[in-house]
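Here's the letter readout for the chains.
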Amino acid sequence: HKGCTMGLPVIAIGTGGQVAQAQEGGPKVGDIAPDFTLKGSTKDGLRSIHLQEFRGQTVVLAFFPKARTSGCTTQLESYRDQYATLFNGGKNVAVIAISTDDDTVQMNWARDKRFPVLFASDAQRTVGKQYNVLWNLVLTKLEKRVLFVVGPDGRVTHIMRPFKELVADSYTELGAEVAKSLGVQAGKP
């Protein structure tokens, strides 16, 4: 499926209150990632997720369709099992998994599977619209499996549209992009 564009520009408030207009197709490489605040969770409980709080770190925004489904479980288990190599063990890297699931559903899933990532609930699909990851199906309230790597400066450095959770090379590419964003050569400490 191709991503849908609503035909309307998206307005995002950046740092310092300046208004940045996102392109219709969502942010592109080099754009400042649209800021957001969502209800969220970790395996340890509920919390608010505000993208701006991670400025200075590499952030992986991993949009996915639905908690506890087979493809999404494969993807998040891979993130968990490869956390040290893909995401530098969480040092200067934040992974935010975003879906339309309720924050308590995400929290329980994270707790059950011991996922070390943050989850954000985009139940109103506002962030999905900003990032152009909504399914183009009337009855579907899900978001597509799309991944954005955001550098410490808040700019998008890499987009994987779609992120292919069943393809090993997807994880290799992701790990290399995170390492590049951190200024580290892939595979080197």
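Scroll up to find the structure this text is about.
So, here's what we can say about the structure. Everything numeric here is computed off the predicted structure, so don't read it as measured data. (Residues numbered from 1 in each chain as written. Predicted model: local features only at pLDDT ≥ 70, side-chain atom pairs only at ≥ 80, totals over all residues. Heavy atoms only, no water.)

**A few points about the overall build of the protein chain**
Note the cut-off: Think of it this way: any DSSP run of H or I at least four residues long counts as a helix, any run of E at least two long counts as a strand, and we number them from the N terminus. The contact definition used throughout considers only heavy atoms, calling two residues in contact when any of these lie within 4.5 Å. Only the protein chains shown count as cover for residues, with accessible areas throughout obtained via the Shrake-Rupley method and a probe of 1.4 Å.
When its secondary structure is counted, the protein chain shows five helices and nine strands. Going residue by residue from the N terminus, the α and β elements of the protein chain occur as β-β-β-β-β-α-α-β-α-β-α-β-β-α. Long-range contacts, defined here as pairs at least 24 residues apart, represent 62% of the contacts in the protein chain between residues at least 6 apart. About 9,200 Å² of surface is accessible on the protein chain, with carbon and sulfur atoms providing 53% of the total.

**Some points on the environment of Q106**
Here Q106 lies in helix α3 (residues 103-113). The contact partners of Q106, leaving out residues within four places of it in the chain, are S41, S99, D101, F119, A120 and S121.

**Focus on the sheet that holds strand β5 (residues 58-63)**
Put simply, the rule is: By definition, two strands form a pair when at least two bridges between them are found by DSSP. To obtain each axis, a line is fitted to C-alpha atoms, and for helices this fit is confined to the stretch in contact; angles are then taken between N-to-C directions over 0 to 180 degrees.
With mixed pairing, seven strands are arranged side by side in an open sheet as β4-β3-β7-β6-β5-β8-β9. Both outer strands of the open sheet, β4 (45-50) and β9 (156-160), are each paired with one neighbouring strand and no more. Across the sheet, the mean angle from the axis of one strand to that of its neighbour is 25°, orientation sign disregarded. Where strand β3 (residues 37-42) lies against strand β7 (residues 118-121), three bridges are found, and the strand directions are antiparallel.

**Quick notes on the packing of aromatic side chains**
In plain terms, the rule: Note on aromatic pairs: the rings of Phe, Tyr and Trp (six-membered ring only in Trp) are paired at centre separations within 6.5 Å, and the planes decide the class, stacked below 30 degrees, edge-to-face beyond 60, tilted for the rest.
For the structure on display, the rule yields 14 aromatic pairs. With a centroid separation of 6.2 Å and 85° between ring planes, the pair formed by F64 and F119 is classed as edge-to-face. Placement of the pair is F64 in the loop between β5 and α1 (70-81) and F119 in strand β7, with a sequence separation of 55 residues. Residues Y131 and F148 carry aromatic rings whose centres are separated by 5.0 Å and whose planes lie at 70° to one another, so their mutual orientation is edge-to-face.

**As for the environment of L182**
Selection criterion: Accessible area is worked out with a 1.4 Å probe on protein chains only. A residue is then buried under 20% of its type maximum, exposed over 50%, and partly exposed in between.
Mapping L182 onto the fold places it in helix α5 (residues 168-182). The class of L182 is partly exposed, set by a relative accessible area of 24%. It is 8.1 Å that separates the C-alpha atoms of L182 and Q57, two residues lying 125 residues apart in sequence.

**Structural notes on α5**
Put simply, the rule is: Take the number of residues in a helix, subtract one, and multiply by 1.5 Å to get its expected span.
For α5, which comprises 15 residues, the first-to-last C-alpha distance of 22 Å matches the rise-based estimate of 21 Å (1.5 Å per residue) to within 8%. The set of residues buried in α5 consists of S170, Y171, L174, G175, E177, V178, A179 and S181. Here the buried face of α5 lies against β5, α1, α2 (83-86), β6 (93-99), β8 (146-150) and β9.

**Observations concerning the side chain of T73**
Take T73: it is sitting in helix α1. Residues in contact with T73, not counting those within four places in the same chain, are R68, W109 and K113.

**Quick notes on the pairing of β3**
On a regular strand, one side chain projects to one face of the sheet and the next to the other, so that they alternate. Bridging between β3 and β4 involves six bridges; their strand directions are antiparallel. Across the sheet, residue S41 finds its bridge partner in β4, namely L46. A loop of two residues connects β3 with β4, the two strands running antiparallel in sequence.

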